[in-house]
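Each chain is listed here by its residues.
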Amino acid sequence: MDKAFMKEAIALARKGVAEGDGGPFGAVVVKDGKIVGRGWNQVIGQCDPTAHAEIMAIRDAADRLQDFHLDGCDLYTSCEPCPMCLSAAYWAHIRQIFYAASEEDAAKLGFDDRFIREELGCSPEVRRLPMRQMLRLEALEVFAEWERSEQKKPY
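Just so we're clear, the structure is a prediction, and the values are computed from it rather than from any experiment.

Conventions and cut-offs
- Residues numbered from 1 in each chain as written.
- Predicted model: local features only at pLDDT ≥ 70, side-chain atom pairs only at ≥ 80, totals over all residues.
- Heavy atoms only, no water.
- Helix = DSSP H or I, 4+ residues; strand = E, 2+ residues; numbered from the N terminus.
- Contact = heavy atoms within 4.5 Å.
- Areas by Shrake-Rupley, 256 points an atom, 1.4 Å probe, with all protein chains shown as cover.
- Lys, Arg positive; Asp, Glu negative; His and termini not counted.
- Charge placed at Lys NZ, Arg CZ, Asp CG, Glu CD.
- Expected span 1.5 Å × (residues − 1).
- Buried < 20%, exposed > 50% of the residue type's maximum accessible area, 1.4 Å probe, protein only.
- Arc of directions from axis to C-beta.
- Polar contact = N/O pair within 3.5 Å; in protein donor to acceptor, adjacent residues only side chain to side chain.
- Phe/Tyr/Trp six-rings, centres within 6.5 Å; stacked < 30°, edge-to-face > 60°.
- Lys NZ or Arg CZ within 6 Å of the ring centre and 35° of its normal.
- Patch = residues over 30% accessible without salt bridge, like charges linked within 9 Å, V, L, I, M, F, W, Y side chains within 5 Å.
- Salt bridge = Lys/Arg side-chain N within 4 Å of Asp/Glu carboxyl O.
- UniProt positions renumbered as here; feature names shortened; annotations may be inferred.
- Axes fitted to C-alpha atoms, helices over the stretch in contact; angles between N-to-C directions.
- Parallel < 35°, antiparallel > 145°, perpendicular 65-115°, else oblique.
- Left-handed = near helix turned anticlockwise from the far one by under 90°.
- Nonpolar A, V, L, I, M, F, W, Y, C, P; charged D, E, K, R; others polar.

Draft legend 1. Structural detail: the overall build of the protein. A count of helices and strands for the protein gives 6 helices and 4 strands. Overall, the protein shows an N-to-C arrangement of helices and strands of α-β-β-α-β-α-β-α-α-α. Summarising its shape, the C-alpha atoms of the protein cover approximately 50 × 40 × 25 Å along the three principal directions. Contacts in the protein between residues far apart in sequence, at least 24 positions, make up 48% of those at least 6 positions apart. With an accessible surface of roughly 10300 Å², the protein has 56% of that area assigned to carbon and sulfur atoms. Between the averaged position of the 20 positive side-chain charges in the protein and that of its 26 negative side-chain charges there is a distance of 3 Å.

Here it is in structure tokens:
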């Protein structure tokens, strides 16, 4: 754990606020004691609801390292990750996460994602966002194609 990396994440959050890019969130990805990815919330600046600080930092690190697995990398973020960003950290194989502000701190500013955490524990039929399954067999045909493909690279 290195305070300098967290200070950089917080500085990126401040930059995003000053530029009007989005909420007060910043993040860095660190590998072998060096920052390999940086990001700040750019939801407004990029008109992209997925452009959270952690996602942007993970994208930057993956691009720089030319690898979608960020094994051995740590994520420093100015706030406890939302469910989307936490999921991205798992998918990226982030080793560990360090965060500054808490989920409760963010909720006080209107960034309250606790309902999403609760929704994820529900079965699809009872979630607030309606979900209906359709054309499963057609989708399974594509799954079978992927399974047979010699070009696939499991992740």
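Draft legend 2. Spatial organisation of helix α1 (residues 3-19). With 17 residues, α1 extends 24 Å between its outermost C-alpha atoms, agreeing within 8% with the 24 Å of an ideal straight helix rising 1.5 Å per residue. Within α1 the residues assigned to the buried category are F5, M6, A9, L12, A13 and G16. Relative to the axis of α1, the buried residues are bounded by an arc of 115° and lie together on one face. Exposed residues on α1 whose side chains face more than 90 degrees from its buried face are K3, K7, R14 and A18. Here the buried face of α1 lies against β1 (26-31), β2 (34-40), β3 (73-79) and β4 (96-101). Near the N-terminus of α1, the side chain that reaches the backbone nitrogen of A4, with its oxygen 2.8 Å away, is that of D2.

Draft legend 3. Representation of the packing of aromatic side chains within the structure. Applying the stated criterion across every chain, the model contains 3 aromatic pairs. For the ring pair Y76 and F98, a centre distance of 4.7 Å and an interplane angle of 25° mean the geometry is stacked. Taken as a pair, Y76 in strand β3 and F98 in strand β4 lie far apart in primary sequence, 22 residues in all. Both residues of the pair, Y76 and F98, count as buried. Members of the aromatic cluster, each reached through a chain of ring pairs, are F5, Y76 and F98. The cationic tip of K152 hangs over the ring face of W146; the distance from NZ or CZ to the ring centre is 4.9 Å.

Draft legend 4. Local environment of a nonpolar patch on the surface. A cluster of nonpolar side chains, L137, L140, V142 and F143, forms an exposed patch at the surface whose accessible area comes to about 410 Å². Tracing the sequence through the fold places L140 in helix α6 (residues 136-148). Overall, the relative accessible area of 32% leaves L140 in the partly exposed class.

Draft legend 5. Just the UniProt feature "domain: CMP/dCMP-type deaminase" (unreviewed entry) in the protein, in detail. The feature "domain: CMP/dCMP-type deaminase" (unreviewed entry), as annotated in UniProt, sits at residues 1-118 in this numbering. Secondary structure content for residues 1-118 is 42% helix and 22% strand, and the end C-alpha separation is 30 Å.

Draft legend 6. Broad picture of unusual backbone geometry. One non-glycine residue, H93, lies in the positive phi region at around 65°. Turning to its location among the elements, H93 is positioned in the loop between α3 (83-91) and β4. Among the residues examined, H93 registers a relative accessible area of 32% and is labelled partly exposed. Residues other than glycine seldom take positive phi values, yet L135 does so here, at roughly 55°. Structurally, L135 can be placed in the loop between α5 (114-120) and α6. L135 sits in the exposed class, given a relative accessible area of 53%.

Draft legend 7. Expanded view of the packing of helix α2 (residues 53-65) against α3. Viewed as axis vectors pointing N to C, α2 and α3 meet at an angle of 25°, and their least axial separation amounts to 8 Å. By the angle between their directions, the pair α2 and α3 is classed as roughly parallel. Classified by chirality, the crossing of α3 by α2 is left-handed. Residues E54, I55 and I58 of α2 touch α3, and the partners they reach there are M84, C85, A88 and A89. Classifying every residue of the contact of α2 with α3 by side-chain character gives 6 nonpolar, no polar and 1 charged.

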